[in-house]
Protein chains: 4
Amino acid sequence: MEFASDNTSGAAPAVMAALAAANAGHAPSYGADPAMDRVRALIREIFAAPRAEVFLVATGTAANVLALSCLCPPWGAIYAHAEAHVDVDECGAPEFYTGGAKLVPIAGAHGKLTPEGLGRAIAATRRGDVHSVQPGAVTLTNLTEAGTAYTPDELARLTAVARGQGLPVHLDGARFANALVATGATPAEMSWQAGIDILSLGGTKNGCLGVEAVVLFDPAPAWEMQLRRKRGGHLFSKHRYLSAQMAAYLENGLWLQLARAANDRAAALEQVILAAPGARLMHPRAGNIIFAHLPREVHARAMAAGAHYYLWPFGQSLNGPPEEPLSARFVTSWCTTEAEIGAFAAVIRDRD
Amino acid sequence: MEFASDNTSGAAPAVMAALAAANAGHAPSYGADPAMDRVRALIREIFAAPRAEVFLVATGTAANVLALSCLCPPWGAIYAHAEAHVDVDECGAPEFYTGGAKLVPIAGAHGKLTPEGLGRAIAATRRGDVHSVQPGAVTLTNLTEAGTAYTPDELARLTAVARGQGLPVHLDGARFANALVATGATPAEMSWQAGIDILSLGGTKNGCLGVEAVVLFDPAPAWEMQLRRKRGGHLFSKHRYLSAQMAAYLENGLWLQLARAANDRAAALEQVILAAPGARLMHPRAGNIIFAHLPREVHARAMAAGAHYYLWPFGQSLNGPPEEPLSARFVTSWCTTEAEIGAFAAVIRDRD
Amino acid sequence: MEFASDNTSGAAPAVMAALAAANAGHAPSYGADPAMDRVRALIREIFAAPRAEVFLVATGTAANVLALSCLCPPWGAIYAHAEAHVDVDECGAPEFYTGGAKLVPIAGAHGKLTPEGLGRAIAATRRGDVHSVQPGAVTLTNLTEAGTAYTPDELARLTAVARGQGLPVHLDGARFANALVATGATPAEMSWQAGIDILSLGGTKNGCLGVEAVVLFDPAPAWEMQLRRKRGGHLFSKHRYLSAQMAAYLENGLWLQLARAANDRAAALEQVILAAPGARLMHPRAGNIIFAHLPREVHARAMAAGAHYYLWPFGQSLNGPPEEPLSARFVTSWCTTEAEIGAFAAVIRDRD
Amino acid sequence: MEFASDNTSGAAPAVMAALAAANAGHAPSYGADPAMDRVRALIREIFAAPRAEVFLVATGTAANVLALSCLCPPWGAIYAHAEAHVDVDECGAPEFYTGGAKLVPIAGAHGKLTPEGLGRAIAATRRGDVHSVQPGAVTLTNLTEAGTAYTPDELARLTAVARGQGLPVHLDGARFANALVATGATPAEMSWQAGIDILSLGGTKNGCLGVEAVVLFDPAPAWEMQLRRKRGGHLFSKHRYLSAQMAAYLENGLWLQLARAANDRAAALEQVILAAPGARLMHPRAGNIIFAHLPREVHARAMAAGAHYYLWPFGQSLNGPPEEPLSARFVTSWCTTEAEIGAFAAVIRDRD
């Protein structure tokens, strides 16, 4: 019953096998390995984006902040949802990489920005007033931090607002595959066709060891991106191990299969949770993350039985009235088993 | 005949096996994995440094610049050999991570600083003059960029100069294991006992996929280091894969076995090279790197026969008088075979 | 009727005279001028702070961001009122100088933080969680952006919250003299005795040409401050002209006389404004800034008569229902005349 | 006998008078003052550059580093003479403002770069190699740090090298007026016609209190410059005092008259110095700076008689063999008097 995070999961067998295979012999370093050519070709094909440039790094933070630093000058405002990882979970990495840009957090129900909310935030930045930071870039997240998904149409409406203000758009796709599976959209529909300029395409949480692709649909900043990656210490000498992961991940639709498994387990877990008296969702679930209220005594029993997940937000206590609802986050992954879901169902049922 | 760089080699079987083993089940993320405890314990034991703090990253650049940013303020001068990787091969990463410190390159024969040279460079920085950057930190490299090795005594004489000026010392140990094997020194003798404050302990070039340990012999900046690592995007969520590599690398002396193999092959290759008429070394070889002059025609034949290595410095041409010596760099690794050495010997012998 | 800002005013005659006097002959550069010794002695005496270190710069932004960069590391959170100049009017200068710290805006009525609000904001920063920026520093402003004043007791309650969390406190005193006059507090009471670590002591808005003193009550970061000032390009070669201004400003209580004049004119203007039917204050006035609602037609008449001030916030229009109240900001300065107040009274009275 | 630096001199009477005049009444702040329009018009006319954009700051360091940060990205190399102020006397300010660019010091006789030396340095930067910083910008200084002057032709040959490599060129003109007087060149010939993109036009050392103009001959980065100036804390609220200085400085050729006075005094002083037995110049004098060797006993007598100047480089001692030559720097300014020169001549003559 491991629902704490998808980053506690391991790597998929096919990815591990590809890594082992990649180990044979010598390979050119620093991204000149043939496997990287394969990655580039795969992404261009899968995204129907023949001019896209692709760069691999090992962490989502690196992917996000390198992208933002190519899109936003030091004096820029970066518009993000108030719960966005880049603003609340990266220890100021965007500020570091951009040379001091300012994150502008924007509220929005269920982890999603609205065109109106985004528009208001941009309008509130005094463009042309030298005393103020200037509109710089927009960053969106799909799946969102609330576990919801933007549809391509919703993304397009947001990027239209950005474009209307001359702003480029980054998409944090740490869980991009889960969003595709959740919405049925194609990679192209969910990215450049919806107005995304740079995508952080996550592999780590969804069956890789540690690899993310930065996909530049507009290849113009490709050289800058390479220099920034090097300066950030993110250019791997034995780059083949990043390439091998990403190639295996994308080959034959593995990434979507893994995401589908995670989403399906989450759907089942959602049903289990909602079957508990007093249970209700905090956000509509789209992919592999569930936010739900459950009575305190259910949490107590579940954790006593060995279920791992977080009360969310932090700071809630298992001590208190048993019927009082506490909010929690449950995350499934590609390797969550039906048995784990069943075990959790048994815990919830088992109340006496 | 792959002598271009040790970073074109793969990972050692034991490291790959450890990675596969680490893949089982779930593991806490962001460095809380039990394997990291093992890494920490191993390093403390191997270095006889029970208070050392250890942090893993995936690239040597990251290790170096995170270390330097903890040791040197933005207005500091960082003293380094004129050929040091941090000054000439990291695209300004130290400047980026330190917030604008200034590298001070210092000449020195065979890639090594002398106490006199270091002392003169520090003395030339106008301490206490607000118009000048201030002495900040010293960074050394062992093996050096010239393939030579500092002995512990030589390091100690350099760190004494630094200490006399109140400066902390970083050691870039991308090839630390090769240096230990070359000199017979213990890890402690070659690091904290010689006055090193922070060590970048390389794994990548010597049989790992991509892992380096930043070892803080003085644990004081441990928390700062963690925050800087996160801000740099270098904190791995699935950290177990870094831990597994490093643990396997250090267990049972594997790291030294791998380095010994590389050094032994280099010794053999050195003999082969020196057997060529007109050959001579540019620097005395200590570990797994050879810099040598060979007649142009030997290079031409070797490369025609499929030998991979770099004419060094770049920019020399295979077209020209056949007897003219051209300088080149040869690097062996843990996986260089005796057969490769033999093949190169055959090429050199085979001149008619 | 110039009420747009105190920075449209000129310099006081005594300051101009001091500048002219300072021009005679040669003087040591870069702060070694004897007039700087006089400034240092004056500030130490006036603030009853014999160990204070003092550095002069020419702009308030420079004073603020140099102070913050000495108090807060790049990974720190800087707690500030949501309307604070450092967050909304300095184009990201704090982010630039600190190397990427994050401003945390905190709401508070009438431009003032409450201990509870500050405490909540600090508590919301996940201390010890490497994914989050860490509590770094608190910055307060007195007079506030809303024209209100903190009393020493109010400041002390806020700095106690900061101190309880181990955080240093900066005070933006661009209108420090106005705050002293408004509250009757002594300089010591309003600064170090209330827990302030570094004060930006403003001269520019209150009768100087362009000079601010950064006062370090704890002298520990004095050398760092000097280096940061130099790196920021804020160390004047002909420093005597900064010293001369500041010395004249502080000698014989001139700074308080100038502030008293400004405050007194504001008190008179407040009475004039409140005499208008439909007028009401937005914030209780403490010093030389008035925020008030007036009927649109009053604004229209005033501006037609040549009164200069800003509708506040920007974006309100003089076109619309005449009785509808519009909000505005009025600022007096040391050189505002009773005649200007009288003229404005005449405009307001004159409604037919 | 004040020859220590031109920054120990005061401001010219006309500049002080303009400052006093500027003090009357109210003026728009932050550069919207009418005097700034006058400055802009003057510079455009004087430089025959109708599209030039002009921004004022108070220090030469600010002018230089703002210019460089507009011309060079964080991963850029900035080519400068090894003695250039930006590299050795600004405490890393260029690194700070550019976000970590790397200064590349280039040797050159008498403080001057040669096209060959510049070309070699640029060629040594591995363009297109991601491991290396990339060619970014060239910065020249006129008068040079050695007191020599580039002619327009010499500048043009250097900027042609830069242009051939796609690099923009900054000119540090802290003593630009002295260089014009020394060479007889027009402002246009010595700047944009010679290929300069941004000029730091100094006022401070030559009769102002503290003002430098950043002149953008290509107006493209004007808005970026404004934002960087604000973020650097260099946008003056009471900007009129910068404008007034610069306008007075440029009106009616005052700047050239002041520079001519300084240069003429230096010419006279040079004759006096060369009359001393054993005297010889270190560099050919062009403007108001003289580097010369004089016997130790001459220095001892001069200093005992109250002459102020620096033995150069620092660290030489007045104790030692009386006939041994010591090198020294002498600087005259607009206010150096013939009497001072005469007094020095008397000292030198007076050897018994």
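What you see is a predicted model, and the numbers here were worked out from it, not measured in a lab. (Residues numbered from 1 in each chain as written. Chains lettered and ligands numbered in written order. Predicted model: local features only at pLDDT ≥ 70, side-chain atom pairs only at ≥ 80, totals over all residues.)

It is worth spelling out the interface of chain D and chain A at this point. Each side of the interface is counted separately: chain D has ten residues, and chain A has ten residues. The leading source of residues in the side of chain D that touches chain A is helix 9 (residues 222-231) of chain D, at four residues. Class assignment of the residues belonging to the side of chain D that touches chain A gives a composition of four nonpolar, four polar and two charged. (Contact = placed C-beta atoms within 7 Å. Helix = DSSP H or I, 4+ residues; strand = E, 2+ residues; numbered from the N terminus. Nonpolar A, V, L, I, M, F, W, Y, C, P; charged D, E, K, R; others polar.)

We now examine the relation of the copies chain D and chain C. Between chain D and chain C, which share one sequence, the superposing operator has a rotation angle of 180 degrees and an axial displacement of 0.0 Å; the RMSD is 0.1 Å. Taken together, the turn and the small shift mark the pair as related by a two-fold rotation axis. Ranked by how close their C-alpha atoms come to the rotation axis, the residues of chain D are headed by Gly232 of chain D, at 3.3 Å. Take the interface residues of chain D: 100% of them recur as interface residues in chain C, which is what a same-surface contact looks like. (Least-squares fit on C-alpha atoms with pLDDT ≥ 70 in both.)

Residues and elements named next belong to chain A. Along its sequence, chain A is organised into domain 1 (11-254) and domain 2 (255-349). A C-alpha centroid distance of 28 Å is found between domain 1 and domain 2. At the junction of the two partners, domain 1 supplies 21 residues and domain 2 supplies 18 residues. Counting residues per element, the ones that place at least two in the side of domain 1 that touches domain 2 are helix 8 (176-183) and helix 10 (240-250). Broken down by element, the residue count for the side of domain 1 that touches domain 2 peaks at six residues, all from helix 8. Residues of the side of domain 1 that touches domain 2, tallied by class, amount to twelve nonpolar, eight polar and one charged. (Domains from an automatic or database assignment.)

What follows concerns the packing of helix 8 of chain A against helix 11 (residues 254-274) of chain A. All names here are of chain A. Relative orientation of the contacting elements helix 8 and helix 11 amounts to 70 degrees, with a least axis distance of 8 Å. Our classification of the angle between helix 8 and helix 11 gives roughly perpendicular. Counted together, Ala177, Asn178, Leu180, Val181 and Ala182 of helix 8 and Trp255, Leu256, Leu258, Ala259, Arg260, Ala262 and Asn263 of helix 11 form the full contact between these two elements. Partitioned by chemical class, the residues of the contact of helix 8 with helix 11 number nine nonpolar, two polar and one charged. (Axes fitted to C-alpha atoms, helices over the stretch in contact; angles between N-to-C directions. Parallel < 35°, antiparallel > 145°, perpendicular 65-115°, else oblique.)

With that out of the way, let us pick up the sheet that holds strand 9 (residues 289-295) of chain C. Residues and elements named next belong to chain C. Sheet architecture is open: four strands sit in the order 8-9-11-10, paired in antiparallel fashion. Of all the strands in the sheet, the pair left with one neighbour each is strand 8 (280-281) and strand 10 (310-311). Pairing of strand 10 with strand 11 (residues 325-331) involves two bridges; the strand directions are antiparallel. Across the sheet, Tyr310 pairs through a bridge with Arg329, a residue of strand 11. Sheet strands touched by helix 11 (residues 254-274): strand 9 and strand 11. Its angle to strand 9, the strand with the most contacts, is close to 10 degrees. Packing against the sheet, helix 12 (residues 296-304) makes contact with strand 9, strand 10 and strand 11, and its axis sits at approximately 115 degrees to strand 9. (Pairing = 2+ DSSP bridges.)

To continue, consider unusual backbone geometry. Along the chain, Asn142 of chain B connects to Leu143 of chain B via a cis peptide bond; the corresponding omega equals -20 degrees. At Asn252 of chain C, a position not held by glycine, the phi torsion is positive, near 55 degrees. Inspection of the secondary structure assignment puts Asn252 of chain C in the loop between helix 10 (240-250) and helix 11. A positive phi angle is found at His110 of chain D, which is not glycine, with a value near 55 degrees. When you line up the elements, His110 of chain D lands in the loop between strand 3 (102-106) and helix 6 (115-124).

A separate point is the pairing of strand 1 (residues 53-57) of chain C. Residue and element names in this part refer to chain C. Counting buried residues in strand 1 gives five out of five residues, a clear majority hidden from the surface. Pairing analysis gives five bridges linking strand 1 to strand 7 (residues 212-216), with the strands arranged antiparallel. What sits directly across from Val54, in strand 7, is Val215. (Buried ≥ 20, exposed ≤ 12 C-beta atoms within 10 Å, placed from the backbone.)

Okay, the confidence of the model for chain A next. On average, chain A scores 97 in pLDDT, and the residues at 70 or more come to 99%. Complex prediction metrics read pTM 0.97 and ipTM 0.97. (pLDDT = per-residue confidence, 0-100.)

Once turned by 180 degrees and shifted 0.0 Å along the axis, chain D lies on chain A with an RMSD of 0.0 Å. The fraction of interface residues of chain D whose copies in chain A are also interface residues reaches 100%, indicating that both copies meet through the same surface.

Our next topic: the interface of chain D and chain C. Of the residues lining the interface, 38 residues belong to chain D; the matching set on chain C comes to 38 residues. Contributions of two or more residues to the side of chain D that touches chain C are made by helix 1 (13-22), helix 3 (60-71), helix 5 (93-98) and helix 9 of chain D. Residues belonging to the side of chain D that touches chain C are distributed by class as follows: 16 nonpolar, 18 polar and four charged.

Either a parallel or an antiparallel arrangement is found when strands of a sheet pair, and the pairing is made through backbone hydrogen bonds. Residue and element names in this part refer to chain D. A sheet is described by the order of its strands in space; here seven strands give the open sequence 1-7-6-5-4-2-3, paired in mixed fashion. Only two strands of the sheet have a single partner each, and these edge strands are strand 1 (53-57) and strand 3. This sheet shows a mean twist of 20 degrees between the axes of neighbouring strands, independent of strand direction. Inspection of the sheet shows strand 5 (residues 169-173) paired to strand 6 (residues 198-202) by four bridges, in the parallel sense. Bridge pairing in strand 6 places Gly173 opposite Leu201. Most of the contacts of helix 3 go to strand 6, to which it runs at about 175 degrees, and overall it touches strand 1, strand 2 (76-81), strand 4 (134-141), strand 5, strand 6 and strand 7 (212-216). Each of strand 1 and strand 7 is contacted by helix 9, which is oriented at about 10 degrees to strand 1, the strand it contacts most.

Residues and elements named next belong to chain C. Mapped onto the secondary structure, Ala107 falls in the loop between strand 3 (102-106) and helix 6 (115-124). Residue classification places Ala107 among the exposed positions, given that 11 C-beta atoms sit within 10 Å. For the pair Ala107 and Ile198, spaced 91 residues apart in sequence, the C-alpha separation works out to 23 Å. Apart from residues lying up to four places away in sequence, Ala107 is in contact with Ala82 and Gly117.

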